[in-house]
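Structural overview
Here's the letter readout for the chains.
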Amino acid sequence: MTCWHISKKAFQRIEEFAKMPLEEEDQFFLMFAHGYEFDFGTKESNWEKFEKICQAVTKYDYIRCVSIGEAFDAHERG
């Protein structure tokens, strides 16, 4: 599952992912953004929204937050 942080459905996507049944295989949710976009200062792209996104994800202790590089490294190690 993927979602751009600017999406109006960002929080909905987080909830959908968190409610997915746990599988034996890892599940992957990619929330993507570019750092410069946070400086737009719009309703959908600002630092406050990004902080709320982080808080929404970290309330689930079974979701591990990693960078894309860390995800690829973990996948390669199996």
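Our structure's up above, just so we're on the same page.
What comes next concerns the included structure. Remember, predicted model here, so these are calculated numbers, not experimental data.

To continue, consider the overall build of the protein. Along its length, the protein carries three helices and two strands. The N-to-C order of helical and strand elements in the protein reads β-α-β-α-α. Once the C-alpha set of the protein is aligned to its principal axes, its extents read approximately 40 × 25 × 20 Å. Sorting the 78 residues of the protein into buried and exposed places 26% on the buried side. Sequence separation of 24 or more characterises 62% of the internal contacts of the protein that already satisfy a separation of 6 or more. Carbon together with sulfur atoms contributes 54% to the accessible area of the protein, which is approximately 6,200 Å² in total.

Another point: the packing of helix α1 (residues 10–18) against helix α2 (residues 47–58). Closest axis-to-axis distance for the α1/α2 pair is 10 Å, and the angle between their directions is 10 degrees. By the angle between their axes, α1 is roughly parallel relative to α2. Where α1 abuts α2, its residues A10, F11 and I14 lie against K49, K52, I53, A56 and V57. Its residues assigned to classes, the contact of α1 with α2 comprises six nonpolar, no polar and two charged.

Its place among the elements puts V57 in helix α2. Once the C-alpha coordinates of V57 and F17 are considered, the two residues, 40 residues apart in sequence, prove to be 9.7 Å apart. Filtering out sequence-adjacent residues up to four positions away, V57 remains in contact with I14, I63 and C65.

With that settled, consider the nonpolar core. Soluble globular proteins tend to pack their nonpolar side chains together in the buried interior. Listed in full, the eleven residues of the largest apolar core are C3, A10, I14, F17, A18, F29, I53, A56, V57, Y60 and I63. Mapped by element, the contributors of at least two residues to this core are α1 and α2. The element contributing the most residues to this core is α1, with four residues.

What counts and what doesn't
Residues numbered from 1 in each chain as written. Predicted model: local features only at pLDDT ≥ 70, side-chain atom pairs only at ≥ 80, totals over all residues. Heavy atoms only, no water. Helix = DSSP H or I, 4+ residues; strand = E, 2+ residues; numbered from the N terminus. Buried < 20%, exposed > 50% of the residue type's maximum accessible area, 1.4 Å probe, protein only. Contact = heavy atoms within 4.5 Å. Areas by Shrake-Rupley, 256 points an atom, 1.4 Å probe, with all protein chains shown as cover. Axes fitted to C-alpha atoms, helices over the stretch in contact; angles between N-to-C directions. Parallel < 35°, antiparallel > 145°, perpendicular 65-115°, else oblique. Nonpolar A, V, L, I, M, F, W, Y, C, P; charged D, E, K, R; others polar. Core = buried A, V, L, I, M, F, W, Y, C linked by side-chain atoms within 4.5 Å.

Any link to function would need more than the numbers given here.
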